[in-house]
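Commentary on secondary and tertiary structure
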Amino acid sequence: MNAKETAIRYFKRLKGTKTCNRVEFTTCLNELKGEAHNGFSEEEVETLIDALISAECLASVRFQGLLECIVPHKLVTHKAVLNLLQWIFTYFHTAPVGSLKSALDWMIGLIEFGLTDEMVVHAFYHHFYLLLENERLSVAACKLIHLLTTPSDVSRWRVKKILKIEQKFGKRNHTTCLLCLFKSYKPECVPEKVPAVNLHTAFKAVGKMNPFFQQAQLRLNAGSSEETCAKMVKWNIDQGLKKTRTKTKVDAVPPLDYVYFGSKLYRAKEKHSILEFKTLKSLSVHQLNLDIPCNSMSLLQNIAGIHVLAFGDRSLQSRLSFNLYYTLYRAFIELDQDFSYRERENVLKQIVELEEYMQQGIPVVSRFLAEYLPRWDGEDFREMIFHLLQWITFSSYLELHDIILDHIRNLFMTSSIEVKCSIIGMLNKFVENLICICLFRKEKEISGLFLEIRDEWSELETLQNIIKFVTDLCVAGLTVEQGSYLLLHEALRFFEMATCLEEENKLPIWTMMPPAVVYNGLFSRSACFLARVCDLLLKYDMAQYPRLRALGLRTKFLKEVNRQQLYIADFMSSLWNQNCFDEKERGYIFKGMPESHVQSFFFYTIPNEALTLKNHFALVPYVFLMQKACSALQDAAFDQDDLMIICSNYFPEIYNLIIHESE
Amino acid sequence: MSTPRSLTKRRRLSTKLHTPGSVFGIRNRNHDKAEQENDSQVQYTVRPERLYFNIHDSDSGSDEDYNDLEDLTGKTWKVFRVSPLHNFEYTTVRMKQYGQRMREGLTTLLTDSTLDAHYEVNFSVAEGLTLTQNDSEAIKILVNVTKRKNGEDLRSKYYIGFMVCRGASKGLEEQFTIHLPVLLCSGTVRAAKSVHFLLQKFFDCSVNSYQLSQEDLMWFCALQADEKDTRKGMSQAELMFSFPQLSVRNRIRFKVPLNSLKYLWDSIHDRNSEYASFKEVEKFYEAVQQQMIRVFEVNVAKGQLVRIKTPTLSVTNETKLRAKTGSVLNYVLKFLYEGTAVIDTTTPMLSVQRH
């Protein structure tokens, strides 16, 4: 039994005793103090509270000392809270004032940090007014009332009570504060003129339990994010207690707050405040009755707010647009020092979430990007900016090119290979979004959620231009980086995606791989690239060409057909027919190579056979491994047919291509 | 964004005198008139660039029309840009409530030294500051503070702000949203910050500081040179520059006789045209710079123009402005308004196209 448990046992035994051994008490107390930063489990808290209230021998100082150590691990149960409250109200005439005050402080700390269910404490709301009569307790009681009051609690009777107390003890800051709060909820109950008082100074004397409770709150928050059954939504509410808001850094996404002008009686409809909803489901059920907070930007803080924005009405979205634009302009282009790096990153992150949620770009964000890209250094917030670029809106290709794509090209050419890859990846997603979402919406003639915007650009031409731009970038990148595999992979991914989407959506476009990609694949040391390129070539032959011919567009794509035949000729003559240099005029890559040059290859190898399956440097490692693993194959020479068998098992794409083209 | 208008027509558009202020478009980046290759020219820019500014609002003529601007002349203002205000009502009841709320807000925000301070906030409509029928009425915000010092109550002005809209070409379509883009205020930095924070909270708007670019200051230079000077004696214009090698606080002031500026301007500007074009302004400014380099032997082209001060107008690039007469203030306000034009949030178009 460790020291902590002994200490708790000691306190349990104290219950009912009249006297206590001072030394033992202090040692146990110190033990508990040491454990306070970890917090106590719920039963332990209950035991300690029990001990606290039932031990009659505890003088005020010891009471306070013990109470200060009682810090929950996460939450405090109803039972403990109720016990303490009952004790307060039973003994508030007789118990020492210090103990009562510290008990109230503890309660305030629990509520401020959200460590207990407010409803339980609220049940005693009416009784707290009794505590106001005691001058020394009134500050703490006022604070507690201030925290717990909801608009429906305000009544003239209560106001009169407070006024009576003011008459008795004189005008104090804390009572004025309370009156102010009541007045803001229901001005008709407080017609007297109430001076405005700062909350912080009014309640300065109260609430010293902070450090440990803060830790408990952190523990609580860390835990709740793991709950997946119901999506718990946490709101960053403006508690009004932050001093010197104007001195510290400003939040780009302001905290949620409601500002009402005029009495509640005159408000039109009964609307629900957003803060009432803890799960996404309940929020969406009441979507039409929601009261929108005063700052539309504050809804960007979490997924529930984003949901409200996405399905909000036109005026809300307009407001958001204006504020979003000005905030972005101020934070990124005017580089206002009030915004920290993290704040800016946060804003961008939340905008990305909003756009992803709505599956639509926001025009003001696109305009902001257009202004920001020329000044961007390519490094700050790179991930977020790329994400935003995937959803960019525009009205014609020329505009897009001049304002956005030009800068992207510059960035591409001047950055490292990883950034090049992410740019190609980003453009990949961009084209995907255009095809899957924008064209889809156009076809169905529906508009997006945000301000019902429709895209006006001409579909096919724009798409073709954008794809051509990406192809040029790929080629340039591969040339500069000398066929780096990272880039090749991204480029191949783009072409695979394009082909797949064209097929699915039956678009009359044929995106063909440029020679840079094809021949980098043919000459690569990785069999996977070879396989992928073969697969794509086969698709062109078997799927794309027949489809387009069926649509009657054969004449439009003559160049592509030609190109494709050249590629196939090269592949077959290199891989299978063993005459790639003899037949070089029929292909693409070796065309026009002078004979003397070909002759010089004889120094190294037999040129015609260098790229065949049995000699291809991408496949040789597999052969070597096979020979190493199996002794029977040690000295065997592998010929073309053997390799075809291997390919049919491991690289079916190569196999299929060769079979298909041999017919 | 406003569309380019016809240059030559001079019509009265409404009973409130309003002639088109500026013409926007894209400047021709090619200085040689000869080649015009279509492909290499930039077709699109994001922000429309000012091509022409109408300075001869002269059909309005006399100074009496500017009496309404009396409140604003002769004082130094800091200018802010405000996005459209949401849910702002012009009724007296609401104005009172806004005042009250702001008072409470200020008391909570501004603590430490002002424990005994009591604030009074007053929202009111300032008459006569509008120009066209699409302009919303201007709002005046007045904050007074009463401090207790040595047993006496000292009442002083803490913050004055005017939210003005002057020269709107069309109204905003939304209900309950009004557009008062230019905010002229005077008060300490802290006061301004607190008041603006509360405004942003109440009406869901953004209040940003308005920065003037070098180009804008060039325009002001030219416009001041254009004015008819009825003063006797030599009046001087003072141009303040900041240089990269000097620290931020050290700026160099150059005093230039106003007559020479006028002379330069007159020789460049075509008197018959109502509009001052960007090309003229550019040429004028270059000429001024060359002359200054020759006379003062300081290469001002390397520096940034920070402030222009003439007998009638003083303007800095963080936009602190002080105008002595109503007519000057009139066109300054028009100029400032154009810098804050409303963004169309619904079209996906990113930019302005060259026609």
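In this text, all values refer to a predicted model and were calculated from it rather than measured experimentally.

Now for the overall build of chain B. Secondary structure assignment for chain B yields 6 helices and 18 strands. Within chain B, buried positions represent 51% of all 355 residues. In chain B, the share of contacts with a sequence separation of at least 24, taken over all contacts with a separation of at least 6, comes to 70%. Accessible surface for chain B amounts to roughly 17,900 Å². Of this, 48% is attributable to carbon and sulfur atoms.

Turning our eyes to something else, we now look at the nonpolar core. One broad rule of soluble globular proteins: the nonpolar side chains tend to lie buried together. Residue and element names in this part refer to chain A. If you look at the biggest cluster of nonpolar residues, it comprises 128 residues, and the most contacted ones within it are Leu389, Met513 and Phe571. Ignoring sequence-local partners within four residues, the contact set of leucine 389 consists of Leu369, Leu373, Ile404, Ile408, Met426 and Phe430. The next biggest cluster of nonpolar side chains, apart from the first, holds 74 residues, and it includes Trp87, Val121, Val139 and Cys189.

All right, on to helix α6 (residues 97–112) of chain A then. Residue and element names in this part refer to chain A. If you check α6, its first and last C-alpha atoms are 22 Å apart, about what 16 residues at 1.5 Å a residue would give, namely 22 Å. Most of α6 sits inside the fold, with 12 of its 16 residues counted as buried. Every buried residue of α6 is listed here: Ser99, Leu100, Ser102, Ala103, Leu104, Asp105, Trp106, Met107, Ile108, Gly109, Leu110 and Ile111. Looking one or two residues past α6, glycine 114 carries a phi angle of roughly 65°, positive in sign.

The next subject is a positive patch on the surface. Residues and elements named next belong to chain B. Taken together, the side chains of Lys255, Lys309, Arg322 and Lys324 present a region of like positive charge at the surface. Structurally, the position occupied by lysine 324 is in the loop between β17 (320–323) and α6 (326–338). On the accessibility criterion, lysine 324 (45% relative accessible area) is partly exposed.

Next up on the list: the pairing of strand β10 (residues 182–187) of chain B. Across 4 bridges, strand β4 (residues 76–82) of chain B lies against β10 of chain B in antiparallel orientation. Looking across to β10 of chain B, one finds that arginine 81 of chain B is bridged to valine 182 of chain B.

Taken together, Phe311, Tyr357 and Leu449 of chain A make up a surface patch of nonpolar side chains, about 260 Å² in accessible area. For phenylalanine 311 of chain A, the location among the structural elements is in the loop between α15 (303–310) and α16 (314–333).

Attention shifts here to the pattern of salt bridges. Pairing of side chains with opposite charge becomes possible as their charged atoms draw close. Scanning the model with the defined rule gives 13 salt bridges over all chains in all. Residue lysine 468 of chain A is joined to aspartate 472 of chain A by a salt bridge in which the shortest nitrogen-to-oxygen separation is 3.7 Å. Remark: aspartate 472 of chain A and lysine 468 of chain A occur in helix α22 (residues 459–480); sequence separation between them is 4 residues, near one turn of the helix. On the accessibility criterion, aspartate 472 of chain A (36% relative accessible area) is partly exposed. Taking the shortest distance from any N to any O, the salt bridge between glutamate 490 of chain A and arginine 493 of chain A comes out at 3.2 Å. Residue glutamate 490 of chain A and its partner arginine 493 of chain A are both found in helix α23 (residues 485–505); the two are separated by 3 residues, about one turn of the helix. Among the residues examined, glutamate 490 of chain A registers a relative accessible area of 13% and is labelled buried. Three or more residues are tied together by salt bridges with common partners; here these are Glu238, Arg253 and Arg307 of chain B.

Conventions used here
Residues numbered from 1 in each chain as written. Chains lettered and ligands numbered in written order. Predicted model: local features only at pLDDT ≥ 70, side-chain atom pairs only at ≥ 80, totals over all residues. Heavy atoms only, no water. Helix = DSSP H or I, 4+ residues; strand = E, 2+ residues; numbered from the N terminus. Buried < 20%, exposed > 50% of the residue type's maximum accessible area, 1.4 Å probe, protein only. Contact = heavy atoms within 4.5 Å. Areas by Shrake-Rupley, 256 points an atom, 1.4 Å probe, with all protein chains shown as cover. Core = buried A, V, L, I, M, F, W, Y, C linked by side-chain atoms within 4.5 Å. Expected span 1.5 Å × (residues − 1). Patch = residues over 30% accessible without salt bridge, like charges linked within 9 Å, V, L, I, M, F, W, Y side chains within 5 Å. Salt bridge = Lys/Arg side-chain N within 4 Å of Asp/Glu carboxyl O. Lys, Arg positive; Asp, Glu negative; His and termini not counted. Charge placed at Lys NZ, Arg CZ, Asp CG, Glu CD. Pairing = 2+ DSSP bridges.

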